[in-house]
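# Understanding the architecture of this molecule
Given next are the chains, with one letter for each unit.
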Amino acid sequence: MKAVYPGSFDPITYGHIDLVERSSRIFDEVIVLVMENVNKRHFFNHEERMRMVRHAVSEFSNVSITTHSGLLVDFARANNVKVVIRGLRAVSDFELELQMAHANKSMLPELETLFLMTETNNSFISSSMVREIATFGGDISKWVPSCVREEFRKKFVR
Ligand code: PNS
């Protein structure tokens with residue numbers, strides 16, 4: 001059975017990578033889907049986010065990376081995917097995630113959303129926190145792999 005793990009990954013963090021690893025042990029195939037979140041202004045462009053994700057999850061043999069610019073349900077329908085994976089860090093994540101899961105299910109009833117709780121160590125990591133710390137020159141090595149740190153370095157070199 002295959003599952004899709006969608007996100008904007010701006011940038012990918014160890015929290016996301018942990019979810020990819022754990023879902024790759026549950027499903028035969030996991031598709032990491034790099035998408036646009038229309039409610040966010042992305043810091044990294046699409047190509048940069050794809051490049052970081054590709055590097056960060058390259059060690060998992062049953063994980064592939066792709067992109068889709070429309071609705072998640074259209075991707076799921078076209079690729080015969082029946083499970084969406086999303087991570088929950090805290091209760092504060094739940095409301096929006098519940099809305100998205102219901103919206104997706106009402107558009108495509110056979111699509112199930114499976115929530116995985118992030119590991120305790122990763123429960124406070126967010127891409128926005130990483131962006132803020134990196135922007136002010138802080139050390140982000142505990143939260144993101146070297147390919148992400150390299151993309152930040154490229155951005156800040158003038
Ligand atoms: O990592 P993010 O930003 O929380 O990911 C959110 C994402 C990209 C998965 C979500 O915005 C999404 O599914 N976008 C595609 C458009 C869509 O299908 N929207 C319907 C769900 S409300």
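Anything mentioned here points back to the structure above.
Throughout what follows, the structure given in this document is the object of discussion.

Calculation rules
Residues numbered from 1 in each chain as written. Predicted model: local features only at pLDDT ≥ 70, side-chain atom pairs only at ≥ 80, totals over all residues. Heavy atoms only, no water. Axes fitted to C-alpha atoms, helices over the stretch in contact; angles between N-to-C directions. Helix = DSSP H or I, 4+ residues; strand = E, 2+ residues; numbered from the N terminus. Parallel < 35°, antiparallel > 145°, perpendicular 65-115°, else oblique. Left-handed = near helix turned anticlockwise from the far one by under 90°. Contact = heavy atoms within 4.5 Å. Nonpolar A, V, L, I, M, F, W, Y, C, P; charged D, E, K, R; others polar. Pairing = 2+ DSSP bridges. 1 Å grid on protein atoms, 1.4 Å probe; cavity = no way out; pocket = protein on both sides within 12 Å on 5 of 7 lines; lining within 4 Å. Points joined across faces, edges and corners; volume = space filled by probe spheres on them.

Packing of helix 2 (residues 46–56) against helix 6 (residues 146–156) brings their axes to within 9 Å, and their N-to-C directions diverge by 155°. Taken as axis vectors, helix 2 and helix 6 run roughly antiparallel relative to one another. The two elements helix 2 and helix 6 meet at a crossing, and its hand is right-handed. Counting all contacts with helix 2, which are made through E48, R51, M52, H55 and A56, the residues of helix 6 involved are C147, V148, E151, K154 and K155. Partitioning the contact of helix 2 with helix 6 into residue classes produces four nonpolar, one polar and five charged.

Within a sheet, each strand pairs with its neighbour through backbone hydrogen bonds, oriented either parallel or antiparallel. The parallel open sheet is built from five strands, whose spatial order is 3-2-1-4-5. Among the strands making up the open sheet, the edge pair consists of strand 3 (63–67) and strand 5 (112–117). Between one strand axis and the next, the sheet turns by 30° as a mean value, whatever way the strands run. Where strand 1 (residues 2–7) meets strand 4 (residues 83–88), two bridges bridge the pair, whose relative direction is parallel. Residue pairing across strands places V4 opposite V84, the latter belonging to strand 4.

What follows covers the layout of surface pockets. Considered as a void within the structure, the largest pocket measures approximately 1,200 Å³ in volume. What lines the largest pocket is a set of 42 residues, among which N37, K40, R86, E97 and M100 lie closest to the centre. Looking at the lining of the largest pocket, the elements with two or more residues in it are strand 1, helix 1 (14–26), strand 4, helix 4 (91–107) and helix 5 (127–135). For the lining of the largest pocket, the element with the most residues is helix 4, which contributes eight residues. In terms of residue class, the lining of the largest pocket is built from 16 nonpolar, 18 polar and eight charged.

Without other data, these values stay purely geometric and don't point to any function.
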